[in-house]
Amino acid sequence: MQSLPLRRGSKQKKAVLSAAKCLCNHPTAQEIYFKAREDILNISFSTVYRNLGILVEEGDLISITSAGSEVHYDHIVKNHCHIQCRSCGKVRDLDVPAVDFNGILPSDASGFTVDGVCVTFTGTCEECNSKMDTKGEQG
Ligand SMILES: [Zn+2]
Ligand SMILES: [Zn+2]
């Protein structure tokens, strides 16, 4: 498996990665797509999406998934926690110590070899909170 070619599509991949970095606040594929189009006008959504998958696989991006929400992408690939707004779905970094999984043995993990951790807290963001404050008066 040594001839995985990087030649084709590597320009697109670069554009996708730099778009993700530029957007920085855990963008969705859609947001990355719009940003990448500033670079490559005719790039298609499926190309962006495919390259996002490759970048995640290669460890350049991490994907943040949660039930009922779009996938968000993060170019900060170190182990860190996220918080997601239940109302609008935005994802931000959470400044708490990340779970250290390095010491977890397969015997502690139902036989699994642990190679990653993905912690997403939920809450309501500032913006949505303030919207609720103003709306809350009427009821
Ligand atoms: Zn929100
Ligand atoms: Zn993050």
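Enquirer: What exactly am I supposed to notice about the coordination of the zinc ion (ligand 2) here?
Expert: In an ideal tetrahedron of four donors about a metal, each angle is 109.5 degrees. In an ideal octahedron of six donors, the angles are 90 or 180 degrees. Distances from the zinc ion (ligand 2) to its protein donors, His26 (NE2), Asp74 (OD), His80 (NE2), His82 (NE2) and Asp93 (OD), fall within 1.9 to 2.2 Å. Each donor residue of the zinc ion (ligand 2) lies on the same chain, and together they follow the pattern H-x47-D-x5-H-x1-H-x10-D. Like Asp74, the residue His80 is buried in the burial classification.

Enquirer: So what exactly am I meant to see when it comes to the coordination of the zinc ion (ligand 1) here?
Expert: Coordination of the zinc ion (ligand 1) by the protein comes from Cys85 (SG), Cys88 (SG), Cys125 (SG) and Cys128 (SG), over a distance range of 2.3 Å. Between the donor residues of the zinc ion (ligand 1), the gaps in sequence give the motif C-x2-C-x36-C-x2-C.

Enquirer: In this structure, what is going on with unusual backbone geometry? I would like to understand it.
Expert: Leave glycine aside and you will find that most residues have negative phi; peptide bonds, for their part, are mostly trans. Phi is positive for Cys24, which is not a glycine, with a value near 50°. Here Cys24 shows up in the loop between helix H1 (10-23) and helix H2 (29-36). Phi is positive for Ser110, which is not a glycine, with a value near 50°. Looking at where Ser110 falls in the secondary structure, it is placed in the loop between strand S4 (91-94) and strand S5 (120-123). Classification of Ser110 by relative accessible area gives exposed; the value is 70%.

Enquirer: Even after reading the chapter, I still don't get the packing of aromatic side chains, so can you show me in this structure?
Expert: Think of a pair of aromatic rings as described by two things: how far the centres are apart, and how the planes are tilted against each other in angle. Tallied over the full model, the rule gives three aromatic pairs. Aromatic side chains Tyr33 and Phe45 sit 5.4 Å apart centroid to centroid with 85° between the ring planes, which places their arrangement in the edge-to-face category. Taken together, the positions of Tyr33 in helix H2 and Phe45 in helix H3 (residues 45-57) put the pair twelve residues apart, joining distant regions of the chain. We classify Phe45 as partly exposed; its relative accessible area is 32%. Three or more aromatic residues joined by ring pairs form one cluster here, namely Tyr33, Phe34, Phe45 and Tyr49.

Enquirer: Help me out: how do you make sense of the environment of Ile54 in this one?
Expert: By secondary structure assignment, the location of Ile54 is in helix H3. What makes Ile54 partly exposed here is its relative accessible area of 32%. A C-alpha to C-alpha distance of 8.3 Å links Ile54 and Lys13, two positions 41 residues apart in sequence.

Enquirer: Honestly, the pairing of S4 in this entry has me stumped. Any pointers?
Expert: Residues in a regular strand point their side chains to alternate faces of the sheet. Relative to S4, strand S3 (residues 81-85) runs antiparallel, the two being bridged by four bridges. Within the sheet, the bridge partner assigned to His82 lies in S4 and is Asp93. Between the antiparallel neighbours S3 and S4 lie five residues, among them Gly89 with a positive phi of about 85°.

Enquirer: Can you help me understand the environment of His82 in this one?
Expert: Along the chain, His82 turns up in strand S3. For the pair His82 and Thr120, spaced 38 residues apart in sequence, the C-alpha to C-alpha distance is 4.6 Å. Apart from the residues within four sequence positions on either side, His82 is in contact with His26, Ile62, Ile64, Asp74, Val91, Arg92, Asp93, Leu94, Val119, Thr120 and Phe121. A polar contact is formed between the side chain of His82 and the side chain of His80, at a distance of 3.0 Å.

What counts and how
- Residues numbered from 1 in each chain as written.
- Chains lettered and ligands numbered in written order.
- Predicted model: local features only at pLDDT ≥ 70, side-chain atom pairs only at ≥ 80, totals over all residues.
- Heavy atoms only, no water.
- Donors = N, O, S within 2.8 Å, 3.2 Å for Na, K, Ca; no water.
- Buried < 20%, exposed > 50% of the residue type's maximum accessible area, 1.4 Å probe, protein only.
- Helix = DSSP H or I, 4+ residues; strand = E, 2+ residues; numbered from the N terminus.
- Phe/Tyr/Trp six-rings, centres within 6.5 Å; stacked < 30°, edge-to-face > 60°.
- Pairing = 2+ DSSP bridges.
- Contact = heavy atoms within 4.5 Å.
- Polar contact = N/O pair within 3.5 Å; in protein donor to acceptor, adjacent residues only side chain to side chain.

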